[in-house]
Amino acid sequence: MNLYFIVNPAAKNGQSMKIWKKIEQSVKSNQIPFEVYFTKQRGDGKTIARSILENTNNPVTIVPVGGDGTVNEVVDGIHPFNHGILGFIPAGSGNDFSRGFSLPNHPKQAFQRLLLSIKNHSEKKYDIGQFTIDQKKGIFINNLGCGFDAQIAIHANQSKLKQRLNRIFLGKLVYVFYLIKELLTFQPSKLTIQVDGNTTAFDKAWFATVCNHPFFGGGMKISPASKPDDGQFEVIVVHNISRMKVLSVFLTVFWGGHTKMKEVSILKGKKVTILNEASFPVHADGEEIGKSTIAISIHSEAVSILVNE
Ligand SMILES: Nc1ncnc2c1ncn2[C@@H]1O[C@H](COP(=O)(O)OP(=O)(O)OP(=O)(O)O)[C@@H](O)[C@H]1O
């Protein structure tokens, strides 16, 4: 067994390197052969994973050490190949992907879980989302959002405040800050959504989130019923709602209570098109991808993942 680690030194505002050092100790003390690569910029996770797989025909376990952005890039590099297996160590600010698999946040515990998964050969195929926007293609592992949630995610990710708060382990507060800021200024607008050929128009939509996994925004259970191995998405649409009630969506989202509100519609399907007439910002796994109409499809059983669920 040879493990290939891809470490994003910038994740969790640089604290991922401390996590990597702990993992490195565990790998060495378990006498596991390994190679490690460090990303230098956005997109490196994909490039590195692809080049590892291009250089061998043997099954290879690739382990991103970073947050959801890093896992997204590595999955993007792995999924076109049949011999790449994903393991992962959560080392980001949000870690919604690992939360969806109930993976421990503690690095050494997460590593022990990974070793157990390898020993038990417990890899399983999971779905990913594929999107096209402005003729660009990409993937998402957790969710793709259009509107209010994208506005919050994009501002929070770009914010210097996130870096400062991460230093004192309060990085998630930045989402609360931008939630309140956007709540005061965001203008709802029309979104037309097609799911497997059925069209629904939402006059005053705040946001639509296409979910492959249950969590977004660092622990909010936006789509409690989403399962990454059921071959379909859940689309959560929040619409025709007062500003005050949007706040209650975000208060109840932690346990999934928002799904019972009449202003929250839930659609399910494999192919989704969001006609983004309002040019709302769009994110995929928290990264900004554009402001146009988006075509989304599920890629079932796209990637083998080592998780002892
Ligand atoms: N060396 C680097 N310097 C700056 N940015 C990098 C570097 N390597 C990768 N990146 C980019 O950093 C971004 C953030 O990484 P990531 O999402 O893993 O961490 P995070 O934001 O702390 O965690 P989360 O997304 O779970 O909140 C990704 O878009 C990735 O492409």
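Residues numbered from 1 in each chain as written. Predicted model: local features only at pLDDT ≥ 70, side-chain atom pairs only at ≥ 80, totals over all residues. Heavy atoms only, no water.

1. Things to note about the overall build of the protein
Threshold: Numbering goes from the N terminus for both helices and strands, where a helix is a DSSP run of H or I of at least four residues and a strand is a run of E of at least two. In this setup the radius of gyration rests on C-alpha atoms only. A globule is expected at 2.2 Å times the number of residues raised to 0.38. Accessible area is worked out with a 1.4 Å probe on protein chains only. A residue is then buried under 20% of its type maximum, exposed over 50%, and partly exposed in between.
The helix and strand inventory of the protein stands at nine helices and 16 strands. Its C-alpha atoms give the protein a radius of gyration of 19 Å, within 12% of the compact-globule value 19 Å for 309 residues. Seen along its three principal axes, the alpha-carbon backbone of the protein occupies a region of about 60 × 45 × 30 Å. When each of the 309 residues of the protein is scored for burial, the buried share is 56%.

2. Brief notes about helix α2 (residues 44-54)
Rule in force here: The directions from the helix axis to the C-beta atoms are what the arc is built from. The contact criterion used throughout is that any non-hydrogen atoms of two residues lie within 4.5 Å.
Buried within α2 are the following residues: Asp44, Gly45, Ile48, Ala49, Ile52 and Leu53. The buried residues of α2 occupy an angular sector of 160° when the element is viewed end-on, so they sit on one face. On the buried face of α2, the contacting elements are β1 (3-7), β2 (34-38), β3 (60-66), α3 (68-78) and β4 (84-86).

3. Re the domain arrangement of the protein
Stated formally: Where each domain starts and ends comes from a domain assignment, either automatic or drawn from a database. Any carboxyl oxygen of Asp or Glu within 4 Å of a side-chain nitrogen of Lys or Arg constitutes a salt bridge here. Any N or O atom pair separated by 3.5 Å or less is treated as a polar contact, with the protein-specific requirement of one donor-capable and one acceptor-capable atom, and with residues adjacent in sequence counted only for side-chain atom pairs. Throughout this entry, Asp, Glu, Lys and Arg are counted as charged residues, while Ala, Val, Leu, Ile, Met, Phe, Trp, Tyr, Cys and Pro are counted as nonpolar. The remaining residues, Gly among them, count as polar.
Structurally, the protein comprises domain 1 (3-121) and domain 2 (131-299). In this structure, arginine 42 engages glutamate 287 in a salt bridge whose closest nitrogen and oxygen atoms are separated by 3.5 Å. Taken together, the links from domain 1 to domain 2 amount to six residue pairs in polar contact (both at pLDDT 80 or more). Of all the secondary structure elements, the ones that give two or more residues to the side of domain 1 that touches domain 2 are α3 and α4 (96-100). In terms of residues, the side of domain 1 that touches domain 2 owes the most to one element, α3, which gives five residues. Looking at side-chain class alone, the side of domain 1 that touches domain 2 contains four nonpolar, seven polar and six charged residues.

4. Here's the deal with a nonpolar patch on the surface
We count it as follows: To count toward a patch, a residue needs a relative accessible area over 30% and no salt bridge; like charges are then connected within 9 Å, while nonpolar side chains (Val, Leu, Ile, Met, Phe, Trp, Tyr) are connected within 5 Å. Each accessible area is a Shrake-Rupley estimate made with a 1.4 Å probe; only the visible protein chains count as cover when residues are assessed.
Taken together, the side chains of Leu173, Val176, Ile180 and Leu184 make up a nonpolar region of the molecular surface, amounting to roughly 380 Å² of accessible area. Its place among the elements puts leucine 184 in helix α8 (residues 173-185). Residue class for leucine 184 comes out exposed when judged on its relative accessible area of 66%.

5. Some thoughts on the nonpolar core
For soluble globular proteins, nonpolar side chains are generally found buried alongside one another. What counts here: Note on terminology: a nonpolar core comprises buried Ala, Val, Leu, Ile, Met, Phe, Trp, Tyr and Cys residues joined through side-chain atoms within 4.5 Å.
With 49 residues, the main nonpolar core has Phe148, Ile274 and Ile296 as its most contacted residues. Once residues within four sequence positions are removed from consideration, isoleucine 274 is found in contact with Cys146, Leu191, Thr192, Ile193, Ala208, Val210, Thr293, Ile294 and Ile296. Core analysis: the next-biggest nonpolar cluster, separate from the first, contains 44 residues, Tyr4, Ile6, Ile32 and Val60 among them.

6. Focus: the packing of α2 against α3
Let me state the cut-off plainly: In this description, a line fitted to the C-alpha atoms serves as the axis of each element, helices being fitted only across the stretch in contact, and the angle between N-to-C directions of two axes falls anywhere from 0 to 180 degrees. Here a crossing is taken to be left-handed if its near helix is turned anticlockwise relative to the far helix by less than a right angle, and right-handed if that turn runs clockwise.
Packing of α2 against α3 leaves a shortest axis separation of 7 Å and a crossing angle of 35°. The handedness of the crossing between α2 and α3 is right-handed. Along its contact with α2, which presents Asp44, Gly45, Lys46, Ala49, Arg50 and Leu53, the element α3 presents Glu73, Val74, Asp76, Gly77 and Ile78. In terms of residue class, the contact of α2 with α3 is built from four nonpolar, two polar and five charged.

7. A look at the site of the ligand
To keep it simple, the criterion reads: Throughout, the term near means that a residue has one or more heavy atoms lying within 4 Å of the molecule or strand in question.
Taken together, 21 residues lie around the ligand, and Lys12, Thr39, Gly67, Thr70 and Glu73 are the ones closest in. In this structure, an oxygen atom belonging to the ligand sits 2.5 Å away from a side-chain N or O atom of glutamate 73. Contact between the ligand and asparagine 95: an oxygen atom at 3.0 Å from a main-chain N or O atom of the residue. Looking at the shell around the ligand element by element, the count peaks at four residues for α3.

8. Focus: the pattern of salt bridges
Under the counting rule described, the total for this entry stands at nine salt bridges. Between aspartate 96 and arginine 99 there is a salt bridge, and its shortest N-O distance comes to 2.8 Å. Taken together, the residues aspartate 96 and arginine 99, both in helix α4 and three residues apart, mark about one turn of the helix. With relative accessibility at 4%, the residue aspartate 96 sits in the buried group. Salt bridges sharing partners connect three or more residues here, namely Lys21, Glu24 and Lys28.

9. Some words on the side chain of histidine 79
Of note, histidine 79 is situated in the loop between α3 and β4. In this structure histidine 79 comes out as buried when scored by relative accessible area, which is 15%. In contact with histidine 79, not counting residues within four places along its chain, are Ile128, Gln130, Ile139, His299 and Ala302.

10. Describing helix α9 (residues 243-252)
Regarding α9, the residues found buried are Val246, Val249, Phe250 and Thr252. Of the surrounding secondary structure, the elements contacted by the buried residues of α9 are α6 (148-158), α8, β10 (198-211), β11 (233-239) and β12 (264-269).

11. A few points about the environment of threonine 61
Mapped onto the secondary structure, threonine 61 falls in strand β3. When the C-alpha atoms of threonine 61 and glycine 87 are compared, they prove to be 6.5 Å apart, with 26 residues separating the residues in sequence.

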